[in-house]
Amino acid sequence: MLNNVIADTSRFLQRRKAKGIAQVIYVILHSPGLQALVVYRYGTWLRRLDRYPFGAAVGLAQWPIYLLLAWLVRKAYDIDLDLSSDIAPGLFIGHFSGIMVTKSRIGPHCAIQQLVTLVPAAPGEPGPALGARVWVGAHARIQGPVHIGAGATIGAGALVTEDVPEGCLVLGNPGRIVQRNFDNHVFL
Amino acid sequence: MIKQPMTSDADFDRRMGLASPAPPKVRNSPIRSDIDAAHRQRWPGRPCRWPSCAWLLASSPMLWLQLIHRLRQWLHGQRDAGGGRAWLARVGLLATISPKWLAQVCAKSEFRNETDFDGGVRFSERGQIFFGAPSCGAGSVIGTRVTVGTSHVDGGAPRIGKNVWIGSNCVLYGNITIGDGTTLLPGTVLTKSLPPHVVVQGNPARLVRGNYDNSALRALDEAHAMDFVATLGSA
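Reading guide: rules and limits
- Residues numbered from 1 in each chain as written.
- Chains lettered and ligands numbered in written order.
- Predicted model: local features only at pLDDT ≥ 70, side-chain atom pairs only at ≥ 80, totals over all residues.
- Heavy atoms only, no water.
- Helix = DSSP H or I, 4+ residues; strand = E, 2+ residues; numbered from the N terminus.
- Contact = heavy atoms within 4.5 Å.
- Polar contact = N/O pair within 3.5 Å; in protein donor to acceptor, adjacent residues only side chain to side chain.
- Salt bridge = Lys/Arg side-chain N within 4 Å of Asp/Glu carboxyl O.
- Buried < 20%, exposed > 50% of the residue type's maximum accessible area, 1.4 Å probe, protein only.
- Pairing = 2+ DSSP bridges.
- Buried area = accessible area lost by both parts, 1.4 Å probe.
- Core = buried A, V, L, I, M, F, W, Y, C linked by side-chain atoms within 4.5 Å.
- Axes fitted to C-alpha atoms, helices over the stretch in contact; angles between N-to-C directions.
- Parallel < 35°, antiparallel > 145°, perpendicular 65-115°, else oblique.
- Left-handed = near helix turned anticlockwise from the far one by under 90°.
- Nonpolar A, V, L, I, M, F, W, Y, C, P; charged D, E, K, R; others polar.

Draft legend 1. Just the environment of Asp163(A), in detail. All names here are of chain A. For Asp163, the position within the fold is in the loop between strand S13 (159-160) and strand S14 (169-171). Residues Asp163 and Gly59, spaced 104 residues apart in sequence, show a C-alpha to C-alpha distance of 37 Å. Ignoring any residue separated from it by four or fewer positions in sequence, one finds Asp163 in contact with Pro145, Val146 and His147. At a separation of 2.9 Å, a polar atom in the side chain of Asp163 contacts the main-chain amide nitrogen of His147.

Now the structure itself:
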């Protein structure tokens, strides 16, 4: 868990260009996305504790703490990172409010903006799977068991219900591939 | 029988509450205009007296965010102007970081530091507004869940004109200009500049109607506006 938290934090600090201890503390205190991610990492760590002796008991004892923190994050920031999803380290959450990630897989070094929902299309199904270095714009909605290739860019407001190949730019509702081989490294 | 003089129709209408509300007063201070606009949004017919204004100031996080943003802009100006009072402005800026954070969390919204808007712009009380426009004219109405962002490609943010009505769930970004009096129906995603008085809808935004006067729409509150815009859509 600590490695993941350090990876997430360094991604945020690098994105916000924090130099010096005062700026670092400011970024950590004022990044709702980072706080939500740390709470998510804590929750996944608690679930993995049962591989250690007495780990299940220790995890169960701390579970109410996680539930309280997750509730606070949902109420205050409106960011819902469900434990059923699998988020690789290095995710950057730009703004807060309206973010819902349920039963999805997110690759390393992705970026998510406000009001983004990554949800399954129907209750029993898995959610979307994002590759590495995917940038999801504000108000986008990716639903269903879709695969987003590495380096793809989902534009603001897009609705994605079909697979997206690597490096593509998807815009519009319904989502259409507007450009292939779109370089999104300035976005990330 | 002595016939009582008939009162005028205007008196009767006013006493019965049937008169149309007085046109909004033009106020010089942007803060008074902001409070007026928020008051008219919350209680459409009522005049802005101090008890209801006090209640509004205590209960509207979006209004806190607007006022704190104006305060911090003024403090930035004082600090950059230099002189003897600049250190006081710095202290003020440090002191308002936490109130701004609290207002952001309560309103679920953000204003960029470079954002500027005239007095009298009406932001939806439901919040979730991410407003980065470098300028926004008076009389505009911004709905809930609206993002006015910068483009990562050219770094510019939209400039919004006067009397623009932006519906809920809209996204605007890029170095574009929204003309005066335009109407963006709910759910619009806009990346191109707009001429004045048009109506656009959709993702990507398409022209629905040209030369439309949205003053009636701007006078309505959110619930009634939703019914009204159903008549404007291309359906």
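Draft legend 2. Structural context of the pattern of salt bridges. A full pass over the atoms with the stated rule returns seven salt bridges over all chains. In this structure, the salt-bridge partner of Arg105(A) is Asp86(A), at a minimum N-O distance of 3.4 Å. Of the two residues, Arg105(A) sits in strand S5 (residues 105-106) while Asp86(A) sits in strand S2 (residues 86-87), which places them 19 residues apart along the sequence. The partner of Arg79(B) in a salt bridge is Asp80(B), with the nearest N and O atoms 3.5 Å apart. With relative accessibility at 27%, the residue Arg79(B) sits in the partly exposed group.

Draft legend 3. Quick peek at unusual backbone geometry. For the bond running from Asn173(A) to Pro174(A), omega is 5 degrees, close enough to zero to count as cis. As for its position among the elements, Pro174(A) is in the loop between S14 and strand S15 (176-179). Cis geometry is adopted by the peptide bond preceding Pro204(B), which originates at Asn203(B) and carries an omega value of 0 degrees. Within the element layout of this structure, Pro204(B) appears in the loop between strand S13 (199-201) and strand S14 (206-209). One non-glycine residue, Ser97(A), adopts positive backbone phi at about 80 degrees. Along the polypeptide, Ser97(A) turns up in the loop between strand S3 (92-93) and strand S4 (99-101). A relative accessible area of 0% places Ser97(A) in the buried class. Phi at His139(A) is positive, roughly 65 degrees, even though this residue is not glycine. Tracing the backbone through its elements, the reader meets His139(A) in the loop between strand S9 (135-136) and strand S10 (141-143). The buried category is assigned to His139(A), whose relative accessible area is 13%.

Draft legend 4. A look at the sheet that holds S14(B). All names here are of chain B. The mixed open sheet is built from six strands, whose spatial order is S2-S5-S8-S11-S13-S14. Among the strands making up the open sheet, the edge pair consists of strand S2 (122-123) and S14. With two bridges connecting them, S2 and strand S5 (residues 141-142) associate as parallel partners. Of the residues in S5, the one forming a bridge with Phe123 is Ile142.

Draft legend 5. View of the pairing of S14(B). Residues and elements named next belong to chain B. The sheet contact formed by S13 and S14 spans three bridges and is antiparallel. Directly across from Gln201, in S14, lies its bridge partner Arg206. The hairpin turn running from S13 into S14, its antiparallel successor, is four residues long, and Gly202 in that turn takes a positive phi close to 100 degrees.

Draft legend 6. Seen up close, the interface of chain A and chain B. Listed per partner, the contact involves 26 residues of chain A and 20 residues of chain B. Around 1,800 Å² of area is buried between chain A and chain B when both sides are counted, 63% of it from carbon and sulfur atoms. Summed over the shared surface of chain A and chain B, the result is zero salt bridges. Counting across the chain A and chain B interface gives nine residue pairs in polar contact (both at pLDDT 80 or more). The dominant element in the side of chain A that touches chain B, judged by the number of residues it contributes, is helix H4 (residues 55-77) of chain A, at three residues.

Draft legend 7. Structural detail: the nonpolar core. Ile79(A), Leu81(A), Val136(A), Ile142(A), Ile148(A) and Ile154(A) are the most contacted members of the largest nonpolar core, which totals 51 residues. Per-element tally for this core: the top contributor is helix H3 (residues 32-48) of chain A, with seven residues. Not counting the four nearest positions on each side in its chain, Ile142(A) is found in contact with Thr117(A), Leu118(A), Val119(A), Pro128(A), Leu130(A), Val136(A), Ile148(A), Ile154(A) and Val160(A). If you look at the next biggest cluster of nonpolar residues, it comprises 28 residues, including Ile68(B), Ala103(B), Val121(B) and Val146(B).

Draft legend 8. Fine view of the packing of H3(A) against H4(A). Residues and elements named next belong to chain A. Where H3 contacts H4, the axes come no closer than 10 Å and their chain directions differ by 155 degrees. When the interaxial angle is binned, H3 and H4 end up roughly antiparallel. The way H3 lies across H4 gives a crossing that is left-handed. Seen from H3, the contacting residues are Pro32, Gln35, Ala36, Val39, Tyr42, Gly43, Trp45, Leu46 and Arg47; seen from H4, they are Gly59, Gln62, Trp63, Ile65, Tyr66, Leu69, Ala70, Val73 and Tyr77. The residue makeup of the contact of H3 with H4, split by class, is 13 nonpolar, four polar and one charged.

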